Amino acid sequence: MSETATTLTPYLSCRNASDAVEFYQKAFGAEPVMVNRLPDGRVMHATLNINGAQLYLTEEWPEHGSLSPLGLGGSPVVLHLQVPDCDAVFQRAVDAGCEVRMPLAEMFWGDRYGVLGDPFGHKWAVATTVRQVSPEELQQTISSFSANRPE
């Protein structure tokens, strides 16, 4: 019996998926592995590689119940991209057209971290670990924050 690795791959629905494929190349250095198009040019399925991680995307298909964040009016999902140099990746994405939702800053959990919004309604967190934080230190910081938070 062969063993199969388990993976979890985000599958994004994007209005104008062809534009999204190009945008993710500019913003995050995505490399298209496969882009399957319908005869009218719409993307039925695309596989992109971002630093060894896969991302799937497809066209928004409202007639089949597949809406993008633009069709839904937003999304609660954040795609987290852990990279060696978050400043460079963040700036590249901003230069490509992402909106800064939360500027890069050093966080209590040990990452330099920021959040972007892309033109297709998806949110991206970009982070680099800058220091190791023990589980005890992290819990102490969370408890302190929670105790001092205004109601």
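So, a few notes on the structure that sits alongside this text. All residue numbers here refer to positions counted from 1 along the written sequence of the relevant chain. Thresholds applied to this predicted model are a pLDDT of at least 70 for local features of residues and 80 or more for the giving and counting of side-chain atom pairs; totals over whole chains, interfaces and linings are not thresholded and use all residues. Heavy atoms from the whole structure form the basis of all side-chain values; hydrogens and water molecules are not counted.

## Some details on the sheet that holds strand β7 (residues 111-117)
Here is step 1: At least two bridges found by DSSP between two strands is the condition for calling them paired. Comment: elements are numbered from the N terminus, with helices defined as DSSP H or I runs of at least four residues and strands as E runs of at least two. Spatial ordering of the open sheet is given by β5-β8-β7-β6, a layout of four strands whose pairing is mixed. Both edges of this open sheet fall to β5 (78-82) and β6 (99-106), since each of them pairs with a single strand only. Put simply, the sheet's adjacent strands are angled 15° from each other on average, direction ignored.
Here is step 2: Judged from the five bridges that link them, β5 and strand β8 (residues 123-129) form a sheet pairing that is parallel. Paired with Leu79 across the strands is Trp124, a residue of β8. As a rule, the C-alpha atoms of each element are fitted with a line to give its axis, helices using only the stretch in contact, and angles between N-to-C directions run from 0 to 180 degrees.

## Quick look at the packing of helix α1 (residues 17-28) against helix α3 (residues 86-96)
Here is step 1: Where α1 meets α3, the closest approach of the two axes is 7 Å, and the angle between their N-to-C directions is 140°. Comparing their axes, α3 and α1 come out oblique. Contacts between α1 and α3 involve Phe23, Gln25, Lys26, Ala27 and Phe28 from the first element and Val89, Arg92, Ala93 and Ala96 from the second.
Here is step 2: Three classes are used, and their members are as follows: Ala, Val, Leu, Ile, Met, Phe, Trp, Tyr, Cys and Pro are nonpolar, Asp, Glu, Lys and Arg are charged, and the others, Gly among them, are polar. Along the lines of polarity and charge, the residues of the contact of α1 with α3 split into six nonpolar, one polar and two charged. Here the angle decides the label: under 35 degrees means roughly parallel, over 145 means roughly antiparallel, 65 to 115 means roughly perpendicular, and every other value means oblique. Whether two residues touch is decided by their heavy atoms; if any such pair falls within 4.5 Å, the residues are in contact.

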